[in-house]
Amino acid sequence: MRRWLATWRGVWRDMSVRQRWIAGGVVTALAVLLALDWATHPPSVPDLSAQQRQWQSSAAWLYDRHGRLLEEQRIDFDQQRLGWTKLSEMPPELPAMLIAAEDRRFRWHGGVDWLALGGSLRDWLTQGRARRLRGASTITMQTAAYVWPQIGAPGQRGWRAKLRQIRAARALEDAWSKDEILEAYLNLAPFRGEAQGVAAAAQNLFGKMPAQLDRREVALLVAMLPNPGAEPAALAKRACRLIPGDCPALTALAHSTGEAARNRTQGPGLAPHLAAHLLTRAGMKVTTTLDAGLQRTAIAALRHQLQGLGARRVRDGAVVVLDNASGDVLAYVGGVGLGSTAAMVDGAAAHRQAGSTLKPHLYAQLIERKWLTAASILDDSPVQLDTASGLYVPRNYDNQFMGPVSARRALANSLNVPAVRALLLAGVQPFRDRLADLGYDDLEGDGAFYGFSLALGSAEVSLLQQANAYRTLANLGRWSPIRLRADEPVAPPRQVLDPGAAWIIGDMLADASARANTFGIDSALRLPFWAAAKTGTSKAMRDNWCVGYSDRYTVAVWVGNLEGDPMRAVSGTAGAAPVWRDIMLALHARGTAHAPPRPANVVPTRVTFAVGHEPPRVEWFLAGTQQALIAPAPGFAEKPHITNPVSGAVYAIDPDIPPARQTIGVTLAGDVSLLQLRLDGRPLPPAGASQQVPLIPGSHLLTLADGRGRMVDQVRFSVR
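Since this is a predicted model, take the numbers as computed values, not measurements.

Analysis parameters
Residues numbered from 1 in each chain as written. Predicted model: local features only at pLDDT ≥ 70, side-chain atom pairs only at ≥ 80, totals over all residues. Heavy atoms only, no water. Helix = DSSP H or I, 4+ residues; strand = E, 2+ residues; numbered from the N terminus. Contact = heavy atoms within 4.5 Å. Areas by Shrake-Rupley, 256 points an atom, 1.4 Å probe, with all protein chains shown as cover. Axes fitted to C-alpha atoms, helices over the stretch in contact; angles between N-to-C directions. Left-handed = near helix turned anticlockwise from the far one by under 90°. Nonpolar A, V, L, I, M, F, W, Y, C, P; charged D, E, K, R; others polar. Pairing = 2+ DSSP bridges. Salt bridge = Lys/Arg side-chain N within 4 Å of Asp/Glu carboxyl O. Buried < 20%, exposed > 50% of the residue type's maximum accessible area, 1.4 Å probe, protein only. Core = buried A, V, L, I, M, F, W, Y, C linked by side-chain atoms within 4.5 Å. Disulfide = S-S within 2.5 Å. Phe/Tyr/Trp six-rings, centres within 6.5 Å; stacked < 30°, edge-to-face > 60°. Lys NZ or Arg CZ within 6 Å of the ring centre and 35° of its normal.

**Here's the deal with the overall build of the protein chain**
Scanning the protein chain from N- to C-terminus turns up 23 helices and 29 strands. If you take every contact in the protein chain between residues at least 6 apart in sequence, the share linking residues at least 24 apart comes to 68%. Approximately 33900 Å² of the protein chain is accessible, and the part contributed by carbon and sulfur atoms is 55%.

**A few points about the packing of helix 11 (residues 232-242) against helix 12 (residues 247-256)**
In contact at an axis separation of 8 Å, helix 11 and helix 12 are set at 145° when each is read in the N-to-C sense. Crossing of helix 11 against helix 12: the hand is right-handed. In contact with Pro232, Leu235, Ala236, Ala239 and Cys240 of helix 11, helix 12 contributes Cys247, Leu250, Thr251, Ala254 and His255. The class makeup of the residues in the contact of helix 11 with helix 12 is eight nonpolar, two polar and no charged.

**Focus: the sheet that holds strand 20 (residues 617-622)**
Reading across the sheet, the three strands line up as 20-19-21 and stay open at both edges, with mixed pairing between neighbours. Of all the strands in the sheet, the pair left with one neighbour each is strand 20 and strand 21 (629-630). With six bridges joining them, strand 19 (residues 602-609) and strand 20 adopt antiparallel strand pairing. Within the sheet, the bridge partner assigned to Val602 lies in strand 20 and is Leu622. Against the sheet, helix 21 (residues 499-509) engages strand 19 and strand 20, with an angle of about 150° to strand 20.

**Describing the sheet that holds strand 6 (residues 316-323)**
The five strands lie next to each other as 7-6-18-17-16, forming an open sheet whose pairing is antiparallel. What marks the edges here is a single partner per strand, and that holds for strand 7 (329-333) and strand 16 (532-537). Between one strand axis and the next, the sheet turns through 10° on average, direction left out of account. Here strand 17 (residues 543-549) pairs with strand 18 (residues 553-560) via seven bridges, running antiparallel. In the sheet register, Asn544 faces strand 18, and the bridge partner there is Val559. Seen against the sheet, helix 14 (residues 292-309) touches strand 6, strand 7 and strand 18 and runs at an angle of roughly 35° to strand 7. Running over the sheet, helix 23 (residues 577-587) touches strand 6, strand 16, strand 17 and strand 18 and is turned about 155° from strand 18.

**Comments concerning the pattern of salt bridges**
What the rule picks out here adds up to 22 salt bridges. A salt bridge links Glu102 to Arg238, with the shortest nitrogen-to-oxygen separation between them at 3.3 Å. Residue Glu102 is found in helix 4 (residues 93-102), and its partner Arg238 is found in helix 11; the two are separated by 136 residues along the sequence. For Glu102, a relative accessible area of 21% corresponds to the partly exposed category. Taking relative accessible area as the criterion, Arg238 reaches 27% and is therefore assigned partly exposed. The partner of Asp487 in a salt bridge is Arg485, and the shortest N-O contact between them spans 3.3 Å. Since its relative accessible area comes to 25%, Arg485 is described here as partly exposed. Salt bridges here are not isolated pairs; linked through shared partners, they connect Arg408, Arg409, Asp507, Asp511, Glu614, Arg617 and Glu619.

**A short note on the nonpolar core**
Core analysis: the largest hydrophobic core is formed by 117 residues, its most contacted members being Tyr363 and Trp580. With eight residues, helix 14 is the single largest residue contributor to this core. Excluding its chain neighbours within four sequence positions, the residues that come into contact with Trp580 are Ala524, Leu525, Leu527, Ala531, Ala532, Ala533, Cys546, Val547, Gly548, Tyr549, Val555 and Val557. Within the second largest apolar cluster, 53 residues are counted, among which are Ala184, Ala199, Leu250 and Leu253.

**Concerning the environment of Met344**
Along the polypeptide, Met344 turns up in the loop between strand 7 and strand 8 (352-353). Judged by relative accessible area, Met344 falls into the exposed class, the value being 79%. Sequence separation of Met344 and Ala276 is 68 residues, and the distance between their C-alpha atoms is 9.5 Å.

**Looking at the environment of Gly269**
With respect to the element layout, Gly269 can be found in the loop between helix 12 and helix 13 (272-278). Taking relative accessible area as the criterion, Gly269 reaches 38% and is therefore assigned partly exposed. Along the chain, Gly269 and Leu69 lie 200 residues apart, while their C-alpha atoms are 9.0 Å from each other. Residues contacting Gly269, with those up to four places away along its chain left out, are Leu70 and Glu71.

**Observations regarding the state of the cysteines**
The full count for this structure, using the stated rule, is one disulfide. Disulfide partner of Cys240: Cys247, at an S-S distance of 2.3 Å. Given the relative accessible area of 12%, Cys240 is considered buried. You can call Cys247 partly exposed: its relative accessible area is 26%.

**Topic: the pairing of strand 6**
For strand 6, the tally of buried residues reaches eight of eight residues, placing the bulk of the element in the interior. Of the two faces of strand 6, the one holding Asp316, Ala318, Val320 and Leu322 and the one holding Gly317, Val319, Val321 and Asp323 are both buried throughout. The sheet contact formed by strand 6 and strand 7 spans four bridges and is antiparallel. Counted as the bridge partner of Val321 is Ala331 from strand 7. In textbook terms, the turn of a hairpin is the stretch between consecutive antiparallel strands, and for strand 6 and strand 7 this stretch comprises five residues, one of which, Gly327, has a positive phi near 85°.

**What about the packing of aromatic side chains?**
With the rule as written, the count across this model stands at five aromatic pairs. Pairing Tyr651 with Phe717 gives two aromatic rings, centres 6.0 Å apart and planes at 90°, and the pair type is edge-to-face. Of this pair, Tyr651 sits in strand 23 (residues 650-651) while Phe717 sits in strand 29 (residues 711-719), and the two are 66 residues apart along the sequence. Judged by relative accessible area, which is 23%, Tyr651 ranks as partly exposed. Positioned over the ring face of Trp61 is Lys285, at 5.7 Å from the centre of the ring.

**Remarks on helix 21**
Summarising burial for helix 21: nine of the eleven residues are buried, a large majority. For helix 21, every residue scored as buried is listed here: Gly500, Ala501, Ala502, Trp503, Ile504, Ile505, Gly506, Met508 and Leu509.

**Quick look at the environment of Arg81**
Of note, Arg81 is situated in strand 3 (residues 80-81). According to the relative accessible area criterion, Arg81 is buried, its value standing at 12%.

**Notes on unusual backbone geometry**
A positive phi angle, close to 55°, is found at Leu476, a residue other than glycine. Inspection of the secondary structure puts Leu476 in the loop between helix 20 (463-474) and strand 14 (478-479). Here the phi dihedral of Asp680 falls at roughly 55°; this positive angle occurs in a residue that is not glycine. With respect to the helices and strands, Asp680 occurs in the loop between strand 25 (676-679) and strand 26 (682-683).

**Topic: helix 4**
Among all positions of helix 4, only Leu94, Pro95, Met97, Leu98 and Ile99 are buried. Buried positions along helix 4 lie against helix 6 (139-147), helix 8 (178-188), helix 9 (198-206), helix 10 (215-224) and helix 11.

Quick look at the structure:
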């Protein structure tokens, strides 16, 4: 190195001044050229396939189990991009008009149109250096700027940006064919509004796929490229140069595209609510378990019913269809719009009061424990229950009472009072725990939170949860999670309910004659094949449900108003049940359904009833619980309890009647011979069949206790 420096010092000393100036100029020029080469060196050119893979659409797509498109949803709202469109999928007029308008010598130059560049330089020199360099960018140069934004945006006219684009364009021409450059340009170029690429532009402006564009629409798209935000008049003027004979039509079309981008969707719009749950990232392609054909059927059935009822009576509805064996969700309809005032809310996932749809799970729990059978008699008569929050007085839907009824008829006719009496047997907290086992896993509180109203469906649940809980009954007590995505594993089922109890509940829900008192013989719940179903209506007619199953499918339908206002004159069989029926008939159009196989622990027994109005029949029992005669229990077998006054009763003193003649008759049931009555802690005479207590103003507690002071029963009443 030292020798080399010494040699050059000697050479430099031997040079004349003129030679030194020349050498310095050469070295400086070389340094400038090297620096310029380094500053404008093009990046490495990717394959077109790599460019396509890097292309990130602003939308995401939802497909059914067969690969059919269900929904296209935009995720990225910064810029609208659709899928990469191949040149073969574009109308042939598009590249031809693009070349004619933007780069006439595109097919012959090597990335740079030197004639256009020379003309631009001449204008710059002759018209004054204060003027910016006019265009001369080729399609290849603009494509290079789209591929590598760091080298300068298309349209930049500074000499540095131009030089970078020139070198990048030459590199691009060496690596890509002309058609590949055209394809990349038409996918990367911005159009009107947020649209980037010909696919987004065609969709937004004309509601079409690129291949469906006609010549006029193509001309307008090409006319937008130099200035996407151009006024309609300027746009039409540029388009007229491409198709001179169509100026009037082009002008009208240009003014129609002067509006803001419409953001139309190319998707069929079959599952927007599910797409909102599953499509979380731009470019996602999610294959679901849904079936597009069945999804359309469910949408049509729900839309037809809502149109028939009218928006003044009810506005919203939702449908879920499950495959019993796999748990696959075959249809998911979160809503159908129409007169909805909350169309974006997902009715299939929203939590609403369950109404009577929880009753089958309550009866199943009691049958499983062998505390109740389908033939057991429950008292459907007025009852008042004293609770921490006040008096609870359950009533039936029609405010009528049927007296002593079997559990079969009580469930089939959806009677409320027997259900509350059944909950007294089961216990509120154990029933709440059973609901959690069935997949109602986000209930608000414990049993005490809901109280006795839990038997009547005061808990808020979703349609998905309802469908899977009834699917558990269809699968004879085996529960497993549902599947919405095709790539989700199939989880092994777990037994949460005795198979025999589940089978008996299904038989009760499929019994058309048992529900005839309330629903009639030929209601919407009766199908030409075996199917079990239950309707439900929540407080103040805000929610209407119908959930049921065959041997292969479970269908759950909800109808109501998503904003929570009551429906008008819409009952279970008039609201959700017709939708359930239509979908069930469509599901079994090619084959009938059969009752599930009877478990070994279910036995038939002919039963006669000594109480109520139940006809003799063959009834199903869990082995060991069968009875041939259903009759009142003898007095000694009845649990001692106070029958009058009832808890929560209020008595008023009549000032016109002598106080000594104003008493309350206390009556007891069961063997009370060894028990003691106490009023507010003070013992009363020995308990007998009946006795009188005086009316004393205030609140009173009447208790029945055994010889050790342990409470057997109590009631609270008040006197005013």
